[in-house]
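# Close look at the chain arrangement
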Amino acid sequence: MDFQTFYEEYKRRASQHDLDYLKEVTSRDLAAREIRHGERVDYSFEESIEGWHQAFEHFKDQDMDWIYTDHSVTQLNESTQLAAFWVSIRLNGELLETSNLFFDTFEKLNGEWRLVRSYIEAGVHNPSL
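In this report, the structure presented in the accompanying data block is examined.

What counts, and at which threshold
Residues numbered from 1 in each chain as written. Predicted model: local features only at pLDDT ≥ 70, side-chain atom pairs only at ≥ 80, totals over all residues. Heavy atoms only, no water. Phe/Tyr/Trp six-rings, centres within 6.5 Å; stacked < 30°, edge-to-face > 60°. Helix = DSSP H or I, 4+ residues; strand = E, 2+ residues; numbered from the N terminus. Buried < 20%, exposed > 50% of the residue type's maximum accessible area, 1.4 Å probe, protein only. Contact = heavy atoms within 4.5 Å. Pairing = 2+ DSSP bridges.

## Some words on the packing of aromatic side chains
Throughout the structure, instances matching the rule amount to 17 aromatic pairs. Considering the side-chain rings of Trp-52 and Phe-56, the 5.6 Å spacing of their centres and the 40 degrees angle between planes classify their relative orientation as tilted. Placement of both Trp-52 and Phe-56 in helix H3 (residues 45–59) is noted, with a separation of 4 residues, approximately one turn of the helix. One exposure class covers both Trp-52 and Phe-56, and it is buried. Among the aromatic residues, ring-to-ring pairing joins Phe-3, Phe-6, Tyr-7, Tyr-10, Trp-52, Phe-56, Trp-66, Tyr-68, Phe-85, Phe-102, Phe-106 and Trp-113 into one connected group.

Dropping the structure here:
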């Protein structure tokens, strides 16, 4: 599968709260960092999946939509792509004031795309939607 097809599927399935899919496409060796209110948190595969699980549980009974705003996709080499994008949330018809800005690195390993690194700036002003 080419990267763009995978990337669109990744965003769609994450928006659908498909935790099994995220477990499948996230590398067990994930290296990730989130900056929230100036505080740095580094985390691994297990912590990432637990974070997704908690977020999905928090929003499961609410009218919530994820809004992806793509910034760029950069090919780092023939098997590695860096995707930069915002995720904004519309909750009960109202756009939340802030978004998360992601820089996710995907690598093609054994013919399958995997999320291998993630850097997130949490709570930034929404991009122009």
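Now that the structure is up, let's keep going.
## Digging into unusual backbone geometry
In the Ramachandran plot, His-17 falls in the positive-phi region, its phi being about 60 degrees despite a non-glycine side chain. Looking at the element boundaries, His-17 is found in the loop between helix H1 (3–15) and helix H2 (19–25). Given a relative accessible area of 24%, His-17 falls into the partly exposed group. In the Ramachandran plot, His-37 falls in the positive-phi region, its phi being about 55 degrees despite a non-glycine side chain. Note that His-37 resides in the loop between strand E1 (26–36) and strand E2 (39–43). A residue is classified by how much of its surface remains accessible, and His-37, at 75% relative accessible area, is exposed.

## A word on the environment of Ala-84
Looking at the secondary structure, you find Ala-84 in strand E4 (residues 80–91). Classification of Ala-84 by relative accessible area gives buried; the value is 3%. Residues within four places of Ala-84 in sequence aside, it is in contact with Tyr-7, Asp-70, His-71, Ser-72, Phe-102 and Phe-103.

## Observations regarding the pairing of strand E7 (residues 112–125)
In this sheet, E7 lies alongside E1 in parallel orientation, the contact comprising 7 bridges. Along E7, the bridge assignment pairs Arg-36 with Ala-122. Two strands pair when backbone bridges link them, and strand E6 (residues 98–109) and E7 are joined in this way by 12 bridges, in the antiparallel orientation. From the neighbouring strand, Phe-103 faces E7, where its bridge partner is Tyr-119. Between E6 and E7, which pair antiparallel in sequence order, lie 2 residues; one of them, Asn-110, sits at a positive phi of approximately 50 degrees.

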